[in-house]
Amino acid sequence: MVKDSKNVGRATPAILRSQSSKTTERAVVMASNIENIPRELLVEILSRIAESSFTDIHNAKLSCKYFHEAAEDTHVYRHMSLDDFSLVPWNPLSEKQQAFLTKCKECQNPEIMYRQGVLDYFTGKRPESALSHLQRALNANHIGALYVTCIILLFSGDDELKADGVRLMAEMKKSKYVRRKLKEHREKLKNMLRLMWVENPALRHRPVCCTRQDNHRRKRGWVDIIDDEEDVHCEGCSADCEIRFLADSLPQW
Ligand SMILES: [Zn+2]
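Residues numbered from 1 in each chain as written. Predicted model: local features only at pLDDT ≥ 70, side-chain atom pairs only at ≥ 80, totals over all residues. Heavy atoms only, no water.

Draft legend 1. Representation of the side chain of Ser53. With respect to the element layout, Ser53 can be found in the loop between helix H3 (39-52) and helix H4 (54-63). Among the polar contacts made by the side chain of Ser53, one reaches the main-chain amide nitrogen of Asp56 at a distance of 3.0 Å. (Helix = DSSP H or I, 4+ residues; strand = E, 2+ residues; numbered from the N terminus. Polar contact = N/O pair within 3.5 Å; in protein donor to acceptor, adjacent residues only side chain to side chain.)

Draft legend 2. Fine view of the packing of helix H9 (residues 127-139) against helix H10 (residues 143-154). Contact pair H9 / H10: the axes reach a minimum separation of 9 Å and the direction vectors enclose 140 degrees. For the pair H9 and H10, the sense of crossing is left-handed. For the pair H9 and H10, contact is made by Leu131, Leu134, Ala137 and Leu138 and by Ala145, Leu146, Val148, Thr149 and Ile152, respectively. Broken down by class, the residue content of the contact of H9 with H10 amounts to eight nonpolar, one polar and no charged. (Axes fitted to C-alpha atoms, helices over the stretch in contact; angles between N-to-C directions. Left-handed = near helix turned anticlockwise from the far one by under 90°. Contact = heavy atoms within 4.5 Å. Nonpolar A, V, L, I, M, F, W, Y, C, P; charged D, E, K, R; others polar.)

Draft legend 3. Examining the nonpolar core more closely. Of all hydrophobic cores here, the largest spans 54 residues; its most connected members are Tyr114, Phe122, Tyr147, Val148 and Leu189. Counting residues per element, this core draws most heavily on H10, which supplies eight residues. Val148 has contacts with Tyr114, Val118, Phe122, Leu134 and Leu189, leaving out every residue within four places of it along the chain. (Core = buried A, V, L, I, M, F, W, Y, C linked by side-chain atoms within 4.5 Å. Buried < 20%, exposed > 50% of the residue type's maximum accessible area, 1.4 Å probe, protein only.)

Draft legend 4. Molecular detail of a nonpolar patch on the surface. On the surface, Val88, Trp90 and Leu195 cluster together into a nonpolar patch covering about 330 Å² of accessible area. Judged by relative accessible area, which is 75%, Trp90 ranks as exposed. (Patch = residues over 30% accessible without salt bridge, like charges linked within 9 Å, V, L, I, M, F, W, Y side chains within 5 Å. Areas by Shrake-Rupley, 256 points an atom, 1.4 Å probe, with all protein chains shown as cover. Salt bridge = Lys/Arg side-chain N within 4 Å of Asp/Glu carboxyl O.)

Draft legend 5. Spatial organisation of the state of the cysteines. Taken as a whole and judged by the stated rule, the model has zero disulfides. Cysteine Cys107 shares no disulfide, and the gap to the nearest cysteine sulfur, in Cys104, comes to 7.0 Å. (Disulfide = S-S within 2.5 Å.)

Draft legend 6. Expanded view of the packing of aromatic side chains. Within this structure, the stated rule accounts for five aromatic pairs. A ring pair is formed by Tyr121 and Phe122, whose centres lie 5.0 Å apart and whose planes are at 85 degrees; its orientation type is edge-to-face. The pair formed by Tyr121 and Phe122 is uniform in burial state, with each residue classed as buried. Every member of this aromatic cluster is reached through a ring pair, and the members are Phe54, Tyr77, Phe85 and Phe100. (Phe/Tyr/Trp six-rings, centres within 6.5 Å; stacked < 30°, edge-to-face > 60°.)

Draft legend 7. Layout of H3. In this model, H3 (14 residues) spans 20 Å end to end at C-alpha, consistent with the 20 Å of a helix rising 1.5 Å per residue. Buried residues of H3: Leu42, Val43, Leu46, Ser47 and Ala50, and no others. For H3, the angular spread of the buried residues around the axis is 140 degrees, confining them to a single face. Exposed side of H3, more than 90 degrees from the buried face: Arg48 and Ser52 are the residues found there. (Expected span 1.5 Å × (residues − 1). Arc of directions from axis to C-beta.)

Draft legend 8. Representation of the environment of Ile34. Relative to the assigned elements, Ile34 resides in helix H2 (residues 14-36). Using a relative accessible area of 12% as the deciding quantity, one classes Ile34 as buried. Residues Ile34 and Tyr66, 32 residues apart in the sequence, show an inter-C-alpha distance of 7.4 Å. Setting aside its immediate chain neighbours within four residues, Ile34 contacts Leu42, Cys64, Tyr66 and Phe67.

This is how it looks when you write it as structure tokens:
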């Protein structure tokens, strides 16, 4: 009796036993279904997950060995979201985190290239390296990299390059999709700038892009205008809005 009472709570009730065997069966069926998914398709699915969340892809990797194996593919690392990693970590990175970021670099993850470009340019330490990193991110159509490239051209101090920046910025804003993405990238950049010492001397001279003398400017605030490009009729004014936004985002200046 004592022996039996000790086992109360340990023995699996019949209903749960049948549930548990059903769960095992389902897991086996699922595993064999996953095995049947073509590897390229699985890698593509995992890339989409990686793109939206590092935590989700990490959990997916832990869920089964096929996911784990496929998630190690270069393509997945190239699409990996780095939103959970600070641009400038407050604490030293663990060996595991360091290895993860190194693999992202090796796989030419555009976000990591973009971040390096931003750091190199805004700290003013390695402007040449900034351009090469941004170019690599641009090759993967990274909208943030295109935006920062425009900013670099606008602040270059060279009239021709500035004009290129104005044109490129206007070209980029023609697409509604890009404008929506740009809004996110602007805010992300602002947050990144808060974390670093912005010391590039090129940023001390605020350029002016609109040279029109007629009274074409809208009376609305520039913050509204920056979000609603349909209200900006002049490419120069549009670039000036971006310059003003950036200048106001620079924490130390
Ligand atoms: Zn104008």
